[in-house]
Amino acid sequence: MKLILLGPPGAGKGTQAKMLVECFSVPQISTGDILRAAVKDGSPMGVKAKSFMDSGALVPDEVVVGIVEERLVKSDCENGFILDGFPRTLPQADALTKTLAVLGKDIDSVISLEVDIEALVVRLAGRRTCSACGSGFHLQYEPPLKSGICDSCGGELIQREDDCEDTIRNRMSVYDEQTLPLVEYYRKAGTLSCVDGMLPIDEVGKAVRTLLGGSV
Ligand code: AP5
């Protein structure tokens, strides 16, 4: 399965990707997670990416295309992968098509998660992430058993720096301007399906798995 999950910030791409990893045994490739890890490590790439991410802008295409090219040739991508947060611009989509062609591969499916803007803001403001293992929670929709503590590893739950109101607004407009055109791009390519991302997490998961032919 070679899948792209499309959708605005907070649509549920990461949440669904993690569920699909268990179902289909293929890796999740989240450019956001890779970039946040680079920022945390203070690597040259992280230092370069930080100011873009803090403002809600996109990191330059050549940086993220390089990350994905390196990741796709790893052996765990042999039987497929789930791209979460990539591509996000038309040049990134073209670069992905070319990279996959060189590898003799192609995207099987692009799923666009559709969510109202008011719901996105509530989701992002309530999101909490484990500082140790990266597990995701939501104060209202997926609350941890113990406030502020990760159910999986006991780590501290933190709020992402780009989940503050001003940055959320900027991320939404960046999505509309630079990423939304990809919906049409993949519709024309014949690979696009849309899923109602306003449904509860498990219902979205069922709809996605049904589209992909996995067990519901
Ligand atoms: P990235 O990390 O990719 O952020 P994003 O696209 O803004 O997406 P999010 O992670 O915020 O949302 P999501 O759709 O994964 O939602 P989630 O499942 O967490 O990118 C961050 C930054 O990195 C970018 O701004 C940019 O600077 C840079 N970057 C990354 N990729 C790049 C690229 N390709 N090019 C250039 N720059 C790049 O869900 C959100 C919350 O809602 C959670 O709390 C969850 O529990 C809850 N939730 C999920 N589904 C539901 C549901 N159905 N009902 C109720 N609650 C739900």
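All values reported here derive from a predicted model rather than from experimental measurement. (Residues numbered from 1 in each chain as written. Predicted model: local features only at pLDDT ≥ 70, side-chain atom pairs only at ≥ 80, totals over all residues. Heavy atoms only, no water.)

K.L.:
What's the story with unusual backbone geometry in this structure? I'm lost.
P.N.:
Backbone phi values are negative for most residues with the exception of glycine, while trans is the configuration of most peptide bonds. Of note, the bond from F86 into P87 is cis; its omega dihedral lies within 30 degrees of zero at -5°. Residue placement: P87 occurs in the loop between β3 (81-84) and α5 (90-102). The phi torsion at S25 lies on the positive side, around 55°, for a residue other than glycine. According to the relative accessible area criterion, S25 is exposed, its value standing at 64%. (Helix = DSSP H or I, 4+ residues; strand = E, 2+ residues; numbered from the N terminus. Buried < 20%, exposed > 50% of the residue type's maximum accessible area, 1.4 Å probe, protein only.)

K.L.:
Mind showing me how you'd approach the site of the ligand here?
P.N.:
Taken together, 36 residues lie around the ligand, and T15, A57, R88, R127 and R171 are the ones closest in. Residue G10 places a main-chain N or O atom 2.9 Å away from an oxygen atom belonging to the ligand. The separation between an oxygen atom of the ligand and a polar side-chain atom of T15 is 2.5 Å. Taken together, the elements giving at least two residues each to the shell around the ligand come down to α1 (13-24), α2 (31-41), α6 (117-126), β6 (136-138) and α9 (201-212). Element by element, the count of residues in the shell around the ligand is highest for α2, at 4 residues. Of the residues that constitute the shell around the ligand, the class distribution is 17 nonpolar, 10 polar and 9 charged. (Near = heavy atom within 4 Å. Polar contact = N/O pair within 3.5 Å; in protein donor to acceptor, adjacent residues only side chain to side chain. Nonpolar A, V, L, I, M, F, W, Y, C, P; charged D, E, K, R; others polar.)

K.L.:
What exactly am I supposed to notice about the pairing of β3 here?
P.N.:
Within a regular strand, the side chains alternate between the two sheet faces. Here β3 shows two buried faces, one formed by F81 and L83 and the other by I82 and D84. Examined bridge by bridge, strand β1 (residues 2-6) and β3 share 4 bridges and lie parallel to one another. Considered in β3, the bridge of K2 is made with F81. (Pairing = 2+ DSSP bridges.)

K.L.:
Hey, could you run me through the sheet that holds β1 in this one?
P.N.:
Backbone hydrogen bonds hold the strands of a sheet together, and the pairing may be parallel or antiparallel. Reading across the sheet, the 5 strands line up as β2-β3-β1-β4-β8 and stay open at both edges, with parallel pairing between neighbours. Only two strands of the sheet have a single neighbouring strand rather than two, namely β2 (28-30) and β8 (192-196). Averaged over neighbouring strand pairs, the angle between their axes works out to 25° when direction is ignored. Running over the sheet, α2 touches β2 and β3 and is turned about 60° from β2. (Axes fitted to C-alpha atoms, helices over the stretch in contact; angles between N-to-C directions. Contact = heavy atoms within 4.5 Å.)

K.L.:
Teacher, can you tell me more about the side chain of T191 here?
P.N.:
Position of T191 among the secondary structure elements: in the loop between α8 (181-189) and β8. Classification of T191 as buried rests on a relative accessible area of 17%. Apart from the residues lying within four places of it in its own chain, the contact partners of T191 are I107, D108, S109, V110 and Y186.

K.L.:
Could you clarify how one ought to interpret helix α3 (residues 44-55) in this entry?
P.N.:
Counting along an α-helix, one turn takes 3.6 residues, and residues three or four places apart therefore face a common direction. Listing the buried residues of α3 in full gives G46, A49 and M53. One side of α3 holds all its buried residues, which, seen down the axis, span an arc of 75°. Away from its buried face, by an angle of more than 90 degrees, α3 presents the exposed residues P44, V47 and S51. Contacts from the buried residues of α3 go to α2 and α7 (165-179). Two residues or fewer past α3, G56 is found with a positive phi of approximately 90°. (Arc of directions from axis to C-beta.)

K.L.:
Mind showing me how you'd approach the environment of M198 here?
P.N.:
Looking at the element boundaries, M198 is found in the loop between β8 and α9. As a C-alpha pair, M198 and I168 span 30 residues in sequence and 18 Å in three-dimensional space. Not counting chain neighbours up to four residues away, the residues in contact with M198 comprise E114, V115, D116, A119 and R123.

K.L.:
What should I look at first to understand the environment of C130 in this one?
P.N.:
As for its position among the elements, C130 is in strand β5 (residues 127-130). Through-space distance from the C-alpha of C130 to that of G148 is 8.8 Å; in sequence the pair is 18 residues apart. Apart from residues no more than four positions distant in its own chain, C130 is found in contact with S135, C150, C153, G155, E156 and L157.

K.L.:
What should I look at first to understand the packing of aromatic side chains in this one?
P.N.:
How two aromatic rings sit relative to each other is given by the distance of their centres and the angle of their planes. The tally for this structure, following the rule as stated, stands at 1 aromatic pair. When the ring of Y185 is compared with that of Y186, the centres are 4.8 Å apart and the planes differ by 75°; the resulting orientation is edge-to-face. (Phe/Tyr/Trp six-rings, centres within 6.5 Å; stacked < 30°, edge-to-face > 60°.)

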